Amino acid sequence: MHIMKVHNSLTRRIEELVPLADNEIRLYTCGPTVYNFAHIGNFRAYAFEDILRRAIQFSGMKIRQVMNLTDVDDKTIKGANAAGVALSDYTKTYKDAFFADLKKLNIQPAEVYPAATDHIPEMIALVQKLMDRGVAYKSEDGSVYFKVREFPGYGKLAHIDFDSQRTGLRCADDEYDKENVGDFALWKAWEPSDGPVGWDSPWGRGRPGWHIECSAMSMKYLGETFDLHTGGIDNLFPHHENEIAQAEAATGKPFVKTWMHCAHLRVNGEKMSKSLGNFYTLRDLLEKGYTGREIRYVLINAHYRSSLNFAFSALDDARKSLARIDACVANATDGEAPEWAGRHLADFAEAVGDDLNMPKAFAALFALVRDANGKGAAGTLGVFRRMDEVLGVIFFENAKLESAELPADIQAMLDARAEARKAKNWAESDRLRDAMAAAGWVVTDSRDGQTCKRK
Ligand code: AMP
Ligand code: ZN
């Protein structure tokens, strides 16, 4: 068990992450809007959340993570109708691509990936609850709005002092800035540009607003009050502020204890984004010959609250750093870790627990590599493996595996071969070597005995 401290955007303090129940952190992460291929700026957010979920488990807590798929909103409808295909066909392409990309980046899957279009009844029920409580109203065009001045806590996440005099302002778009705070849409009345997209509701045909999607789906899978909610910093306002307002106005309970936000991936000082056109998708970089592992390395190397400037030179550096790690791990063996390796692991754990200080965690990894190269890597494999529970970038295929690591049948052959060699039965020794090779294992002999590696 390690202590884990994180920066809470709600209190603006570093706080210990303590599960509300069952030693399990319930985590909601805002997922992709599936109208296009995600760019590596988006993947910075998902990589940060992956480090977070791995760190939570590394420190001895359990995790239940929900990541939604926004498959109906202004952007997906526009895309589907422009392409002349059904919304679900249009979004399926990008959902599939998203999951393939997550695999490439070695991002651990969340426990649940709810899609917005599968949860329309839950969203309607939540809007109805807000209507019943008098914090929502139907406008002339049939849309339903959240009455911001009726929720006293409005602005507590973004730390804005909402001017209650500014009543009557209304914003139909999902995204707007702090200068345009106003009543926001919970349910959007059908418009001709929506084409075939729409659901019947007590307020007429329409579709949910983006913010209500996340409140409804997070509470369905994690409860009315849960531990942790994350996203990129651009999600903080208005999206997360509105999620809080909707949930707390409906339940009267605190919605989320801890909020965490990662800084942007930038290009030449500007946020990487679709609208600025300064983006690379994962596919773009893979086509240029970079690997998912190298891209992951770059994304997780910086502190999540510092903005990170994307440059190809960083990917080239990542390749070199990974080669150094690989070369060292190829010499690492199982067994009891030397005392100095244990110290590097302790430094690593402390860095991870200190608001995910990845630059420091990587420094501990490289201190381990340096010492292992200098003093010998015997017994360090377990430490590399433990660090990689969080990092997810180390290749172990080349490591020398000892008995504890081998499948039972391979172990039996290895033992029989040792006996044969002792008896100088070279024919039997060779036969066993070939049988192991056929099963995908390479055995080499040295003065210290046999070493067995996966082919
Ligand atoms: P979206 O699909 O636009 O809703 O974004 C999905 C996630 O990616 C959200 O958590 C955003 O905050 C995050 N995000 C978008 N652009 C960037 C960027 N340039 N750097 C880091 N995170 C980003
Ligand atoms: Zn969300």
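Residues numbered from 1 in each chain as written. Chains lettered and ligands numbered in written order. Predicted model: local features only at pLDDT ≥ 70, side-chain atom pairs only at ≥ 80, totals over all residues. Heavy atoms only, no water.

Relative to each other, helix α1 (residues 40-58) and helix α8 (residues 292-301) sit at 75°, their axes nearing to 9 Å. It follows from the interaxial angle that α1 and α8 lie roughly perpendicular. Contact residues: I40, F43, R44, A47, D50, I51 and R54 in α1; I295, R296, L299 and I300 in α8. Broken down by class, the residue content of the contact of α1 with α8 amounts to 7 nonpolar, no polar and 4 charged. (Axes fitted to C-alpha atoms, helices over the stretch in contact; angles between N-to-C directions. Helix = DSSP H or I, 4+ residues; strand = E, 2+ residues; numbered from the N terminus. Parallel < 35°, antiparallel > 145°, perpendicular 65-115°, else oblique. Contact = heavy atoms within 4.5 Å. Nonpolar A, V, L, I, M, F, W, Y, C, P; charged D, E, K, R; others polar.)

To continue, consider the site of ligand 1. Taken together, 16 residues surround ligand 1, and among them Y46, G232, D234, L265 and M272 come closest. Contacts to ligand 1 include G41, whose backbone N or O atom sits 3.0 Å from a nitrogen atom. Within the side chain of N42, an N or O atom sits 3.2 Å from an oxygen atom of ligand 1. Considered on its own, ligand 1 offers 490 Å² of accessible surface; in the complex 92% of this is hidden by protein. (Near = heavy atom within 4 Å. Polar contact = N/O pair within 3.5 Å; in protein donor to acceptor, adjacent residues only side chain to side chain. Areas by Shrake-Rupley, 256 points an atom, 1.4 Å probe, with all protein chains shown as cover.)

A few words on the nonpolar core. One recurring pattern in soluble globular proteins is that nonpolar side chains are buried together. Residues L356 and F384 are the most contacted members of the largest nonpolar core, which totals 78 residues. With 11 residues, the single largest contributor to this core is α1. Viewed by domain, this core spans two of them, domain 1 (5-262) and domain 2 (267-391), each represented by three or more residues. In this structure, V144, F184, L186 and F255 belong to the second largest nonpolar core, which totals 55 residues. (Core = buried A, V, L, I, M, F, W, Y, C linked by side-chain atoms within 4.5 Å. Buried < 20%, exposed > 50% of the residue type's maximum accessible area, 1.4 Å probe, protein only. Domains from an automatic or database assignment.)

Distances from the zinc ion (ligand 2) to its protein donors, C30 (SG), C214 (SG) and H239 (NE2), fall within 2.0 to 2.2 Å. One chain supplies every donor to the zinc ion (ligand 2), and in sequence these donors are spaced C-x183-C-x24-H. Linking C30 in the loop between β3 (24-29) and α1 with H239 in helix α6 (residues 236-251), this pair joins segments that are 209 residues apart in sequence. Given the relative accessible area of 1%, H239 is considered buried. (Donors = N, O, S within 2.8 Å, 3.2 Å for Na, K, Ca; no water.)

By the criterion of burial, strand β11 (residues 256-262) is predominantly enclosed, with 6 of the 7 residues buried. Pairing geometry for strand β10 (residues 226-232) and β11, over 6 bridges, is parallel. Directly across from G232, in β11, lies its bridge partner C262. Between the parallel elements β10 and β11, the chain passes through α6 in a crossover that is right-handed. (Pairing = 2+ DSSP bridges. Right-handed = clockwise from strand over helix to strand, strands pointing away.)

With that settled, the discussion passes to the sheet that holds β11. Reading across from one edge, β4-β3-β10-β11 is the order of the 4 strands in this open sheet, with parallel pairing throughout. This sheet does not close on itself; its edge strands, each paired only once, are β4 (62-67) and β11. Each strand of the sheet is rotated relative to its neighbour by a mean of 25°, with strand direction disregarded.

Spatially, 3 strands are ordered β13-β12-β14 in an open sheet, and the strand pairing comes out mixed. If you trace the sheet from one side to the other, it starts and ends with β13 (270-271) and β14 (308-309), each paired once. Pairing between strand β12 (residues 265-267) and β14: 2 bridges, direction parallel. What sits directly across from R266, in β14, is N309.

Glancing now at the packing of helix α2 (residues 74-83) against helix α3 (residues 87-104). Two numbers describe how α2 lies on α3: the axes approach to 9 Å, and their chain directions differ by 110°. Between α2 and α3, the angle falls in the class roughly perpendicular. Residue-level contacts link T76, I77, G79, A80 and A83 of α2 to L87, Y90 and T91 of α3. Of the residues assigned to the contact of α2 with α3, the class counts are 5 nonpolar, 3 polar and no charged.

Moving on, we come to the pattern of salt bridges. Inspection of every chain in the model, using the stated rule, returns 30 salt bridges. When the shortest N-O distance is used, the salt bridge between D200 and R205 registers 3.7 Å. On the accessibility criterion, R205 (37% relative accessible area) is partly exposed. With its nearest N and O atoms 3.1 Å apart, the salt bridge here joins D234 to K271. With D234 in the loop between β10 and α6 and K271 in strand β13, this pair connects stretches of sequence that are 37 residues apart. The class for K271 is partly exposed, based on a relative accessible area of 30%. In the salt-bridge network here, residues are joined through shared partners; they are D74, D174, K188, D194 and R207. (Salt bridge = Lys/Arg side-chain N within 4 Å of Asp/Glu carboxyl O.)

In this section: helix α5 (residues 210-222). With 13 residues, α5 should reach 18 Å at 1.5 Å per residue; the first-to-last C-alpha distance of 19 Å fits that figure. A positive backbone phi angle near 100° is found at G223, which sits one or two residues after α5. (Expected span 1.5 Å × (residues − 1).)

What follows deals with the side chain of E49. Mapped onto the fold, E49 is located in helix α1. At 10 Å, R53 is the nearest oppositely charged side chain to E49, a buried residue that forms no salt bridge. If we skip the residues at most four places from it in the chain, E49 touches T29, M67, T230 and G231. (Lys, Arg positive; Asp, Glu negative; His and termini not counted.)

Moving on: the domain arrangement of the protein chain. On domain assignment, one finds that the protein chain holds domain 1 (5-262), domain 2 (267-391) and domain 3 (403-454). For domain 1 and domain 3, the distance between their C-alpha centroids amounts to 55 Å.

To continue, consider helix α4 (residues 120-132). The end-to-end C-alpha distance of α4, which contains 13 residues, comes to 18 Å, matching closely the 18 Å that a straight helix rising 1.5 Å per residue would cover. For α4, the full list of buried residues reads I120, M123, I124, L126, V127 and L130. Looking straight down α4, one finds that the buried residues subtend no more than 160° of arc, so they occupy a single side. Exposed and oriented more than 90 degrees from the buried face of α4 are P121 and D132. On its buried side, α4 packs onto β5 (136-138), β6 (144-146), β8 (183-189), β9 (206-208), α5 and α6. Phi turns positive one or two residues past the end of α4, at G134, with a value near 75°. (Arc of directions from axis to C-beta.)

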